[in-house]
Structures are given as structure tokens and as C-alpha cells.
Amino acid sequence: MSGETVITVCGNLVDEVELRFLPNGTPVAKFRIASTPRVFDKQTNEWKDGEGLFLSCSVWRQAAENVAESLQKGMRVIVQGRLKQRSYENREGVKRTVYELDVEELGPSLKSATARVTKTAGAGRGQDAYQAARREQGAASVEDPWSASTPGAHGAGGGSPWGGGGQDEPPF
């Protein structure tokens, strides 16, 4: 969307994910992440933690349920979304401004961990709706990358996602 600030942040969950449901049944998950840079102190010849950035995050719908089921406090994550600024007045009448992240994409960081990805039953509905919207706009259908059995889903390479005549390993 034009004019929005989209950012990607790598950090650790500082709270457990809180899953709630709106009165209409829409799930929303809230959590906070801390991103702390490492800086090299030339005087002590050591790496030290810089000043941390703490961001409140929210994620909606099926992704909210997936996040609540998959992630826990302390896990390192990669989060991408729209940065929002909100101003309010607290009970004492002091004006405050907070920055929040409306999450579009997120997942665990694999820098020092492993993960096994499992497609949820509800995930296909979103992809089907996306494809239907693309067809209405006259765009070509988008293939489901999760479905290895879809003919031609992996390009002209034969059934391999890596494109070489039936290879199961990437070419690197």
C-alpha cells in the first residue's frame, strides 16, 4: 500500500503470544519483540549489546492462530509488517506516542534453530481466496507452492522445484 512504512525486524519474543477473538470471531494475536544490536567496543575489544528496540505486534486471522500455536517467549523471530504510530493520553493526562507493528509475515529465525513447517487445514482457504481475487482482476492463477502433486507446480523442470530434470536437491 502506498505511503505505509513496511519494515522487517529480527528479534526475540519477550512475552507469550496472547490470542484473543473479536466479537465477530476474528482471531488476533498480540506479542512483543525485542531487537538488540550487537556493537563492538574497541576500547575493551569485546562485543556488547546495544540499546534494544521493543515493538508491540499484532497479527490477524489464521496467521494469529498459527503464531499462538507455534511460537513461545524467548524464540527468535523475523517479523515483517506495517509500522503504525498511535498517540493517546494516559489517566494522568500525559500524552504518549507508541509504535506498533501490524504484522503481515513472520516466522522463526533459523540462525540458531531448526523448524518443521506444517500446512494448516485452514491455510488453503486464504490461498483459494487470493487466487479467486487474482482471477477477478484478470491476473494469471497463482500455483500453490505447498502442493508438490500439482502438475507443473515446479516449473518446466519436471517435478523438481529446482528445475533440473527430476533432481531432488538444489543446484548449489
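Small disclaimer: the values here were computed from a predicted structure and weren't measured.

A. Structural view of the environment of Val94. Assignment of secondary structure puts Val94 in the loop between β7 (76-89) and β8 (95-108). Overall, the relative accessible area of 37% leaves Val94 in the partly exposed class. Setting aside residues no more than four positions away along its own chain, Val94 makes contact with Tyr88 and Glu89.

B. Highlighting the pairing of β7. Where strand β1 (residues 5-13) meets β7, eight bridges bridge the pair, whose relative direction is antiparallel. The residue bridging Thr8 from the neighbouring strand is Gln80, located in β7. Sheet analysis places β7 next to β8, joined by 13 bridges and oriented antiparallel. Of the residues in β8, the one forming a bridge with Leu83 is Leu101. Counting the residues that bridge the hairpin from β7 to β8 gives five residues, and of these Gly93 lies at a positive phi of roughly 85°.

C. Up close: the nonpolar core. Core analysis: the biggest nonpolar cluster contains 16 residues, and Leu13, Val17, Phe31, Ile33, Val59, Val79 and Val103 have the highest contact counts within it. Every element with two or more residues in this core is listed here: β1, β3 (27-35), β6 (53-60), α1 (61-70), β7 and β8. Val103 has contacts with Phe31, Cys57, Ser58, Val59, Val79, Gln80 and Gly81, leaving out every residue within four places of it along the chain.

D. Fine view of the pattern of salt bridges. Summed over the entire model, instances satisfying the criterion amount to eight salt bridges. Asp41 is paired through a salt bridge with Lys48; the nearest N and O atoms lie 3.3 Å apart. If you follow the salt bridges from partner to partner, you end up with Glu4, Arg82, Asp102 and Glu104 in one network.

E. The arrangement of the side chain of Arg82 in detail. Tracing the backbone through its elements, the reader meets Arg82 in strand β7. In this structure the side chain of Arg82 is engaged in a polar contact, spanning 3.4 Å, whose partner is the side chain of Glu4. A polar side-chain atom of Arg82 sits 2.6 Å from a polar atom in the side chain of Asp102.

F. Representation of unusual backbone geometry. Located in the positive-phi region is Asn45, a residue other than glycine, with phi close to 60°. Position of Asn45 among the secondary structure elements: in the loop between β4 (38-41) and β5 (46-49). Residue classification places Asn45 among the exposed residues on the basis of a relative accessible area of 56%. Phi is positive for Arg61, close to 60°, though the residue is something other than glycine. Residue position: Arg61 is located in helix α1.

Conventions used here
Residues numbered from 1 in each chain as written. Predicted model: local features only at pLDDT ≥ 70, side-chain atom pairs only at ≥ 80, totals over all residues. Heavy atoms only, no water. Helix = DSSP H or I, 4+ residues; strand = E, 2+ residues; numbered from the N terminus. Buried < 20%, exposed > 50% of the residue type's maximum accessible area, 1.4 Å probe, protein only. Contact = heavy atoms within 4.5 Å. Pairing = 2+ DSSP bridges. Core = buried A, V, L, I, M, F, W, Y, C linked by side-chain atoms within 4.5 Å. Salt bridge = Lys/Arg side-chain N within 4 Å of Asp/Glu carboxyl O. Polar contact = N/O pair within 3.5 Å; in protein donor to acceptor, adjacent residues only side chain to side chain.

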